[in-house]
Amino acid sequence: ARGQLAMEQGIGWDAEFALRTRSGRQIWVRSQGRPISENGRVVRLIGALHDLTESRYAQIALKKRELEFRRLVETASEGIWTIDEHGSTTFVNRRMAELLGYQPHEMLGTHFLEYIPAEWHGVATQQLQRRREGVSESQESALLHRSGKKIWVMASTSPIRDEAGVVVGALAMISDISERKTIEEQLKQSEARYR
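Nothing here was measured: the structure is a model prediction, and the numbers come from that model.

### With respect to the overall build of the chain
- Summing up its helical and strand segments, the chain has six helices and eight strands in all.
- Seen in sequence order, the chain has helices and strands lined up from the N terminus as α-β-β-β-α-β-β-α-α-α-β-β-β-α.
- The C-alpha radius of gyration of the chain comes to 29 Å, more than 25% above the 16 Å expected for a compact globule of 195 residues.
- Its C-alpha atoms put the chain at 105 × 35 × 30 Å along the principal axes.
- Residues classed as buried in the chain amount to 30% of the 195 residues present.
- A fraction of 35% describes how many contacts in the chain between residues 6 or more apart in sequence connect residues 24 or more apart.
- Working note: accessible area of the chain is about 13,000 Å², and carbon and sulfur atoms make up 52% of it.
- Across the chain, the mean location of the 28 positive side-chain charges is 6 Å away from that of the 26 negative side-chain charges.

As structure tokens, then:
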């Protein structure tokens, strides 16, 4: 069909489509071509057929892995939070946003210190510097819920590196430990009363 249009109208083409081989195997190809004219009349076509099957199947596999990864991240019971090297939020999963009382899109682009109680800013800034130095660690810390309430979390943090190994941000896996901290505090108060 493309060749006929090229012959009749002098129009070139560049298209991708599926073909079946003689054995019945489906392949993907890219067909490119153009008409050659003499004295204003198309006399022949020049074109090429490129086999895209391997790259097409690689794209399909990559898309499938991305969907599986997204499903895993979005159904995780832990909060997942990434920031860039300046501390701006680049990603939060639904659990992380819910933990702080937000929708994921509301947190994108915001600085992580907006969710840290003021008295913890110095510690949080030092922790970000350790990520820049390539240090991974876990620590208990406090975050601020949208309502202003302080929540306690266990944060496992690690640097994010680019292809050259340069630290370009940080990843945190966040677990809510507020209930545990409340019980610990009640136990301390109870022990203090009976001393």
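The structure having been displayed, the exposition proceeds.
### Looking at the sheet that holds strand β8 (residues 167-176)
- Taken in spatial order, the five strands of this open sheet run β5-β4-β8-β7-β6, and their pairing is antiparallel. Each edge of the sheet is formed by a strand with only one pairing partner; in this case those strands are β5 (89-92) and β6 (137-144). Across the sheet, the axes of successive neighbouring strands diverge by a mean angle of 30 degrees, strand direction being ignored.
- Contacting β4 (79-84), β6, β7 (150-161) and β8, helix α5 (residues 121-132) runs over the sheet at an angle of about 140 degrees to β6.
- Each of β6, β7 and β8 is contacted by helix α6 (residues 178-193), which is oriented at about 130 degrees to β7, the strand it contacts most.

### A closer look at the packing of aromatic side chains
- On inspection of all chains with the given rule, the structure shows three aromatic pairs.
- Aromatic pair W81 and Y115: ring centres 5.5 Å apart, planes at 75 degrees, arrangement edge-to-face. In this pair, W81 sits in strand β4 while Y115 sits in the loop between α4 (104-107) and α5, placing the two residues 34 residues apart along the sequence.
- Taking relative accessible area as the criterion, W81 reaches 6% and is therefore assigned buried.
- Between the aromatic rings of Y102 and Y115, the centroid separation amounts to 5.5 Å while the plane-to-plane angle is 85 degrees, which identifies the pairing as edge-to-face.

What counts, and at which threshold
Just so you know, the residues in each chain are numbered from 1, in the order the chain's sequence is written. Residues qualify for local features only when their pLDDT is at least 70, as the model is predicted, and side-chain atom pairs are given and counted only at 80 or more; totals for whole chains, interfaces and linings, by contrast, use all residues. Values shown for side chains rest on all heavy atoms present in the structure; no hydrogens or waters enter the calculation. Going along the chain from the N terminus, every DSSP run of H or I of four or more residues is numbered as a helix, and every run of E of two or more is numbered as a strand. As defined in this context, the radius of gyration uses C-alpha atoms, and a globule is described by 2.2 Å times the residue total to the power 0.38. Throughout this description, buried means an accessible area under 20% of the type-specific maximum (1.4 Å probe, protein chains only), exposed means over 50%, and partly exposed covers the range between. Only heavy atoms enter the contact rule, under which two residues are in contact if any of them lie within 4.5 Å. We get accessible surface area from the Shrake-Rupley algorithm with a probe of 1.4 Å; when it comes to residues, only the shown protein chains can shield them. Here the positive residues are Lys and Arg and the negative ones are Asp and Glu; neither His nor the chain ends is included. Just so you know, the charge point we use is NZ for Lys, CZ for Arg, CG for Asp and CD for Glu. The criterion for strand pairing is that DSSP finds at least two bridges linking the strands in question. Lines fitted to C-alpha atoms define the axes here, with helix axes fitted over just the stretch in contact, and angles between the N-to-C directions of these axes take values from 0 to 180 degrees. Pairing of aromatic rings covers Phe, Tyr and Trp, the last counted by its six-membered ring, and requires centre-to-centre distances within 6.5 Å; plane angles under 30 degrees mean stacked, over 60 mean edge-to-face, and any other angle means tilted.

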